[in-house]
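What the coordinates show
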Amino acid sequence: MNKKENITPEFRKWDNSNPFNTPEGYFESFEDRMMAKIDSYSEPIKTSNKTKVIRMLKPILSLAASLVLVILLVQYPIRHFLLNDTVNTEQENSISNNSFDLYSISLSMIDENTLINSLFSDDQINDNNIDPDEMRSYLSSRLTEVEIYSDFQN
Amino acid sequence: MTNDQQILENLKNPALKEVAFRLLISTYKERLYWHIRKILLNHDDTDDVLQNTFIKVWNGLDSFRAESSLFTWLYRIATNESITFLNQRKRRMISELTEETEYLIDNLEGDEYFDGNEWQLLLQKAIAQLPEKQRLVFNMKYFEEIKYEEMSKILTTSVGALKASYHHAVKKIEEYVKLYETKIET
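All values reported here derive from a predicted model rather than from experimental measurement.

Structural notes on the interface of chain B and chain A
On the side of chain A, 30 residues touch chain B, which itself brings 42 residues to the contact. Applying the counting rule to chain B against chain A returns three salt bridges. The shortest N-O distance in the salt bridge between aspartate 47 of chain B and arginine 33 of chain A comes to 3.9 Å. Remark: the boundary between chain B and chain A carries eleven residue pairs in polar contact (both at pLDDT 80 or more). For the side of chain B that touches chain A, the secondary-structure elements that each account for two or more residues are helix H2 (17–40), helix H3 (43–59), helix H6 (118–128), helix H7 (132–143) and helix H9 (159–185) of chain B. In terms of residues, the side of chain B that touches chain A owes the most to one element, H2 of chain B, which gives eleven residues.

Some thoughts on the nonpolar core
By size, the foremost hydrophobic cluster in this structure holds 68 residues, and its most contacted members are Phe21, Leu24, Phe54 and Phe138 of chain B. Leaving out residues up to four positions away in the same chain, phenylalanine 54 of chain B has contacts with Phe30, Met34 and Ile38 of chain A together with Phe21, Leu24, Ile25, Tyr28, Lys29 and Leu32 of chain B.

Notes on the packing of H7 of chain B against helix H8 (residues 148–155) of chain B
All names here are of chain B. Two elements in contact, H7 and H8, have axes whose closest approach is 11 Å; the angle formed by their N-to-C orientations is 140 degrees. Comparing their axes, H8 and H7 come out oblique. H8 is crossed by H7, and the crossing has right-handed handedness. Contacts from Lys133, Leu136, Val137, Met140 and Lys141 of H7 reach H8 at Tyr148, Met151, Ile154 and Leu155.

A closer look at H7 of chain B
All names here are of chain B. Taking 1.5 Å of rise per residue, the twelve residues of H7 would be expected to cover 16 Å, and the 16 Å separating its terminal C-alpha atoms lies within 8% of that figure. Within the span of H7, buried status applies to Gln134, Arg135, Leu136, Val137, Phe138, Asn139, Met140 and Tyr142. Glutamate 145 sits one or two positions beyond H7 and adopts a positive phi of about 50 degrees.

What to know about the pattern of salt bridges
In total, this model carries six salt bridges over all chains according to the counting rule given. Across the salt bridge formed by lysine 29 of chain B and glutamate 31 of chain A, the nearest N and O atoms sit 2.9 Å from each other. Within this pair, whereas lysine 29 of chain B is found in helix H2, its partner glutamate 31 of chain A is found in helix H1 (residues 30–42), the two belonging to separate chains. According to the relative accessible area criterion, lysine 29 of chain B is buried, its value standing at 8%. Between glutamate 81 of chain B and lysine 56 of chain B there is a salt bridge, and its shortest N-O distance comes to 2.5 Å. With glutamate 81 of chain B in helix H4 (residues 70–95) and lysine 56 of chain B in helix H3, this pair connects stretches of sequence that are 25 residues apart.

Details of the environment of lysine 12 of chain B
Mapping lysine 12 of chain B onto the fold places it in the loop between helix H1 (3–11) and H2. Between the C-alpha atoms of lysine 12 of chain B and aspartate 62 of chain B, which are 50 residues apart in sequence, the distance is 8.5 Å.

Considerations on the side chain of threonine 72 of chain B
Looking at the secondary structure, you find threonine 72 of chain B in helix H4. What threonine 72 of chain B contacts, discounting residues up to four positions off in sequence, is Glu150, Lys153 and Ile154 of chain B.

Points about the packing of aromatic side chains
Using the criterion set out here, one finds 17 aromatic pairs over all chains in the structure. With a centroid separation of 5.2 Å and 85 degrees between ring planes, the pair formed by phenylalanine 27 of chain A and tyrosine 33 of chain B is classed as edge-to-face. Here tyrosine 33 of chain B lies in helix H2 and phenylalanine 27 of chain A lies in the segment before H1, a pairing that spans two chains. We classify phenylalanine 27 of chain A as buried; its relative accessible area is 11%. Owing to a relative accessible area of 0%, tyrosine 33 of chain B belongs among the buried residues under this scheme. Among the aromatic residues, those joined into a cluster by ring pairs are Tyr26, Phe27 and Phe30 of chain A together with Phe21, Tyr33, Trp34, Phe54 and Trp58 of chain B. We note lysine 17 of chain B situated over the ring of tryptophan 58 of chain B; from NZ or CZ to the ring centre the distance is 4.6 Å. One cation-aromatic arrangement involves lysine 141 of chain B over tyrosine 148 of chain B; the distance from NZ or CZ to the ring centre is 4.5 Å.

Analysis parameters
Residues numbered from 1 in each chain as written. Chains lettered and ligands numbered in written order. Predicted model: local features only at pLDDT ≥ 70, side-chain atom pairs only at ≥ 80, totals over all residues. Heavy atoms only, no water. Contact = heavy atoms within 4.5 Å. Salt bridge = Lys/Arg side-chain N within 4 Å of Asp/Glu carboxyl O. Polar contact = N/O pair within 3.5 Å; in protein donor to acceptor, adjacent residues only side chain to side chain. Helix = DSSP H or I, 4+ residues; strand = E, 2+ residues; numbered from the N terminus. Core = buried A, V, L, I, M, F, W, Y, C linked by side-chain atoms within 4.5 Å. Buried < 20%, exposed > 50% of the residue type's maximum accessible area, 1.4 Å probe, protein only. Axes fitted to C-alpha atoms, helices over the stretch in contact; angles between N-to-C directions. Parallel < 35°, antiparallel > 145°, perpendicular 65-115°, else oblique. Left-handed = near helix turned anticlockwise from the far one by under 90°. Expected span 1.5 Å × (residues − 1). Phe/Tyr/Trp six-rings, centres within 6.5 Å; stacked < 30°, edge-to-face > 60°. Lys NZ or Arg CZ within 6 Å of the ring centre and 35° of its normal.

So this is what it looks like as structure tokens:
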């Protein structure tokens, strides 16, 4: 047998009792504490696919949001302080031009006579003057639209 | 069928798993506690590591292979957890310019659950000076009286290397004790 294994050093002669201690009842309640801890660890954490997708997209979304924020922060002072006057003048010009264009187009499409007729015409359809017999005969007739129109003209 | 075999058999059955695990804790809690306590010296740290050890065991039950004994597997996990814990502390200590030995001694002296006399304190201080591997081997051999063959499986080190480590550890402890025992006697 190897001599190294049978070393009996000086300190072997000292009191070899366990100098360490534990709190009272430590081992008695250990299983209960341990099983409670294991139960809490074993509970499955339910994560839906939606949550997973959100978690995956979160960094991209936050990056995009920060970019938008930076752009807005840069654009706001440029628009409102540096280009304010220029933009306002341009807007006024464009609005007045558009209004003039629309006005002139409308005028070109309506001639004077049509306008006067539409304003002062007495031709109004009076529903009360329609004779029921006439209506019935009209509906029962097999006239084409052209014939009906010529009848009315006559 | 031995107690360990019965536990392992029941752990495979979902209906008996929790009961079997409770029995496993009852069987090994004290041995593992003292094994960890000799490495970390402090009760609070030991309690944390012991609980982590059993959680690792519970989570790793499916990966346990029957070719190694339950005892060896549990001791290996407990040892690794203790070393990991010490290494985590070591990383913090570097910033605080404190040595691991100093940390262990402070831990021991500040522990209200150490009842040893001055000789026992001197021995623990001497052990704390040892390199990690020698400290593990010395504790397992001297206090826990684990056979080299078992120790070899737990620490995945050859029996020859373990014997050499123990021999070096004893020499260093003797030198330390000779140096400091005169202070106690005077």
